[in-house]
Amino acid sequence: MSIKDNMVVQFNYTLRDEKGEVLESNEGRDPIAYLHGNDNMMPGIEDAITGKAIGDKFSVTPPAADTYGERQEGAEQRVSVKHLSGAKVWKPGMAAIVNSDQGQRQVTIVKVGKFMATVDVNHPLAGRELTFDIEVVGARDATDEEIAHGHAHGAGGHHH
């Protein structure tokens, strides 16, 4: 079965940096599940999975614009430290989570004062040449409900 739009795809991955060092992996955990062709996955990963089948293993190094985005210089904002989550004491270089209109966003602390912090809103992996080792472990036609909702349900997907 060749993977195409409106299929629920499950995959395992290992993310490596430019030196080949592992940055993250879901090894030993549930596979990632998403609804293919519905903007639920990074374009570079979704494009690489299109046409693959269960059991396929491959590596892909998509352009930064198709993963975490290009790095935007000067993308800094000042936010109240009370809106930062992830630690009690903040220092430059630390990652934090900020709630925004588009949901939670990971930021990097640039400078911190008593009440306000300057954060870099680029994703920490933006602009980097990253390699994804992928194994497709499952694929099925999406249900009408999943297509209507625009996301996969069940293990590794969205729970209502």
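Note: the structure precedes this text.
Residues numbered from 1 in each chain as written. Predicted model: local features only at pLDDT ≥ 70, side-chain atom pairs only at ≥ 80, totals over all residues. Heavy atoms only, no water.

Attention now goes to the overall build of the protein chain. The secondary structure content of the protein chain amounts to two helices and 10 strands. Along the protein chain, from the amino end to the carboxyl end, the secondary structure elements read β-β-β-α-β-β-β-β-β-β-β-α. Projecting the C-alpha coordinates of the protein chain onto the three principal axes gives extents of approximately 55 × 40 × 30 Å. In the protein chain, buried positions account for 36% of the 160 residues. Here the contacts in the protein chain between residues at least 6 apart in sequence split such that 62% fall between residues at least 24 apart. With an accessible surface of roughly 9500 Å², the protein chain has 47% of that area assigned to carbon and sulfur atoms. Side chains of the protein chain carry 16 positive and 24 negative charges; the gap between the two charge centres is 12 Å. (Helix = DSSP H or I, 4+ residues; strand = E, 2+ residues; numbered from the N terminus. Buried < 20%, exposed > 50% of the residue type's maximum accessible area, 1.4 Å probe, protein only. Contact = heavy atoms within 4.5 Å. Areas by Shrake-Rupley, 256 points an atom, 1.4 Å probe, with all protein chains shown as cover. Lys, Arg positive; Asp, Glu negative; His and termini not counted. Charge placed at Lys NZ, Arg CZ, Asp CG, Glu CD.)

Ordered in space as 5-9-8-7-6, the five strands form an open sheet in which the pairing is antiparallel. Across the chains shown, the open sheet's two edge strands, defined by having one partner strand only, are strand 5 (76-80) and strand 6 (84-85). As paired strands, strand 6 and strand 7 (residues 95-100) are joined by two bridges and run antiparallel to one another. Of the residues in strand 7, the one forming a bridge with Leu-84 is Val-98. (Pairing = 2+ DSSP bridges.)

Our next topic: the environment of Leu-15. For Leu-15, the location among the structural elements is in strand 1 (residues 7-16). Of the residues examined, Leu-15 reaches a relative accessible area of 0% and is grouped as buried. With 120 residues separating them along the chain, Leu-15 and Glu-135 place their C-alpha atoms 12 Å apart. The contact partners of Leu-15, leaving out residues within four places of it in the chain, are Glu-21, Val-22, Leu-23, Glu-24, Tyr-68, Leu-125, Leu-130, Thr-131 and Phe-132.

A few words on unusual backbone geometry. The backbone phi angle of Asn-6 is positive, close to 65°, even though this residue is not glycine. Taking the relative accessible area as the measure of exposure, Asn-6 reaches 31% and is therefore partly exposed. Even without glycine at this site, Asp-39 takes up a positive phi of about 60°. Examined against the element boundaries, Asp-39 turns out to sit in the loop between strand 3 (32-35) and helix 1 (43-49). For Asp-39, a relative accessible area of 75% translates into the label exposed.

Here we come to the packing of aromatic side chains. This structure, assessed with the given rule, holds two aromatic pairs. Centroid distance Phe-11 to Tyr-34: 6.0 Å. Interplanar angle 80°. Geometry classified as edge-to-face. Taken together, the residues span a long stretch of sequence, with Phe-11 in strand 1 and Tyr-34 in strand 3 at a distance of 23 residues. Judged on exposure class, the residue Phe-11 and its partner Tyr-34 are both buried. By the ring-pair criterion, three or more aromatic residues cluster together here, those being Phe-11, Tyr-13 and Tyr-34. Lying across the ring of Phe-58, Lys-52 places its NZ or CZ 4.7 Å from the centre. (Phe/Tyr/Trp six-rings, centres within 6.5 Å; stacked < 30°, edge-to-face > 60°. Lys NZ or Arg CZ within 6 Å of the ring centre and 35° of its normal.)

The next thing to look at is the pattern of salt bridges. Tallied over the entire structure, the rule returns five salt bridges. Between Arg-140 and Glu-146 there is a salt bridge, with its nearest N and O atoms 2.8 Å apart. Given a relative accessible area of 2%, Glu-146 falls into the buried group. (Salt bridge = Lys/Arg side-chain N within 4 Å of Asp/Glu carboxyl O.)

This brings us to the nonpolar core. Grouped together as the largest cluster of nonpolar side chains are 20 residues, with contacts concentrated most on Phe-11, Ile-45, Ile-49, Phe-58, Val-60, Phe-132 and Ile-134. Mapped by element, the contributors of at least two residues to this core are strand 1, helix 1, strand 4 (57-60) and strand 10 (131-141). Every residue in contact with Val-60, bar those within four places of it in the chain, is listed here: Gly-44, Ile-45, Ala-48, Leu-130, Thr-131, Phe-132 and Ile-134. (Core = buried A, V, L, I, M, F, W, Y, C linked by side-chain atoms within 4.5 Å.)

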